[in-house]
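Structure assessment
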Amino acid sequence: MSYETLLVETHDRVTLIRLNRPQALNALNSQVMNDLIAALGAFDADDSQGCAVITGSEKAFAAGADIKEMAELTFADTFGGNLFAGYDRVIATRKPVIAAVSGFALGGGCELAMMCDFIIAADSAKFGQPEIKLGVTPGMGGSQRMARAIGKAKTMEMCLTGRMMGAAEAEAAGLVARVVPAADLIAEALKSAEAVASMSPLATRAVKEMVNVAFETPLAQGVLFERRLFDGLFGSEDQKEGMAAFIAKRAADWKGR
Ligand code: CAA
């Protein structure tokens, strides 16, 4: 399958999705959104694939929603048309998705990275929510996901001033899982994705669901949700296999059931 705004490579168990609008620093227009919906849907449906990596170019992961496409929109277009609702598909992806960020991740670009399960940043990465400079606000979840990731003080500052945050600051703040040299970004992200994809697919989905529930529920309810998913995995062949393999000192052969 080929896409107008994405380059998609399937490696052994890992799908690499590269945003590809170099002339616009990968600005997220409606075609990118539709292509991402299709590519992530195909990834989720493909049993041979266990983890996806979304990346951009060396200069830009994505410099935001497409300002030229948005400039003349009306309230009826945005609210009536539910402008960014298609990105709910990114969140709905059941298998893990890693963002590999080099260069600018601004506005919708930063928000897309934060929709992923974790971010690996090149030392060149620059994150920001500069919408305030355009007379608007984050609109793809940035104020909410950033506040949950790094707290109120920094989120307010980022969203109110529109300043950019470098990779080291983003790592110290907890926005990114780790920072790697720019030249190693894709190799490191693929290595992480391969590690994720080598685990039991059932346990992997359970981890994704339970960590995400931590942001939606009170602690006791979240802990109960975790325990019930943990209990449920004892109904899987993969739990028997994983523990038997540990005891026999051999690699596990996951079946995904
Ligand atoms: N939308 C549309 N086009 C964009 C774009 C965007 N978000 N960001 C960059 N481009 C285009 C530029 O217009 C330019 O195109 P032309 O050559 O046709 O003029 C091309 O990409 C290269 O950009 P620059 O010449 O500006 O490159 P630079 O290196 O001088 O600056 C930059 C880089 C600082 C990232 C600058 O491009 C910039 O500030 N971009 C906009 C960032 C932004 O405001 N993002 C938020 C968008 S709103 C949003 O995302 C809402 C939301 O929450 C969903």
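Residues numbered from 1 in each chain as written. Predicted model: local features only at pLDDT ≥ 70, side-chain atom pairs only at ≥ 80, totals over all residues. Heavy atoms only, no water.

Of all residues adjacent to the ligand, which total 24 residues, the nearest are Lys59, Ala65, Gly108, Glu111 and Glu131. A distance of 2.8 Å separates an oxygen atom of the ligand from a polar atom in the backbone of Ala65. Compared with its free state, where it exposes 980 Å², the ligand has 66% of that area covered by protein. Of all the elements in the fold, those that place two or more residues in the shell around the ligand are helix H2 (67–70), strand S6 (104–106) and helix H5 (108–115). Grouping the constituent residues of the shell around the ligand by class yields 14 nonpolar, 5 polar and 5 charged. (Near = heavy atom within 4 Å. Polar contact = N/O pair within 3.5 Å; in protein donor to acceptor, adjacent residues only side chain to side chain. Areas by Shrake-Rupley, 256 points an atom, 1.4 Å probe, with all protein chains shown as cover. Helix = DSSP H or I, 4+ residues; strand = E, 2+ residues; numbered from the N terminus. Nonpolar A, V, L, I, M, F, W, Y, C, P; charged D, E, K, R; others polar.)

What follows concerns the sheet that holds strand S7 (residues 118–122). The sheet built from 6 strands is open, its strands ordered S1-S2-S3-S5-S7-S10 with mixed pairing. Whereas interior strands pair on both sides, the edge strands pair on one side only; in this sheet they are strand S1 (6–10) and strand S10 (178–180). The average undirected angle you get between the axes of adjacent strands in this sheet is 20°. (Pairing = 2+ DSSP bridges. Axes fitted to C-alpha atoms, helices over the stretch in contact; angles between N-to-C directions.)

We now examine the packing of H5 against helix H6 (residues 142–150). Between H5 and H6, whose axes approach to 9 Å, the crossing angle comes to 55°. Between H5 and H6, the angle is such that the two are oblique. Here H5 runs over H6; the crossing is left-handed. Packed against H5, whose contacting residues are Cys110, Glu111, Met114 and Met115, the element H6 presents Gly142, Arg145 and Met146 at the interface. Tallied by class, the residues present in the contact of H5 with H6 amount to 4 nonpolar, 1 polar and 2 charged. (Parallel < 35°, antiparallel > 145°, perpendicular 65-115°, else oblique. Left-handed = near helix turned anticlockwise from the far one by under 90°. Contact = heavy atoms within 4.5 Å.)

Attention shifts here to the pairing of S7. Across the 5 residues of S7, 4 count as buried, placing the element largely inside the fold. Here strand S5 (residues 97–101) pairs with S7 via 4 bridges, running parallel. For Ala100, the partnering residue across the bridge sits in S7 and is Ile120. With 3 bridges connecting them, S7 and S10 associate as parallel partners. Within S10, the residue paired with Ala121 across the bridge is Val179. (Buried < 20%, exposed > 50% of the residue type's maximum accessible area, 1.4 Å probe, protein only.)

In this structure, Ile54, Leu112 and Phe127 are the most contacted members of the largest nonpolar core, which totals 41 residues. Sorting elements by how many residues they give to this core places helix H1 (residues 30–45) first, with 6 residues. Contacts of Leu112, omitting those with residues within four sequence positions, involve Leu19, Leu28, Leu36, Ile54, Phe61, Tyr87, Val90 and Met140. Core analysis: the next-biggest nonpolar cluster, separate from the first, contains 15 residues, Ile98, Ile120, Ala122 and Ala197 among them. (Core = buried A, V, L, I, M, F, W, Y, C linked by side-chain atoms within 4.5 Å.)

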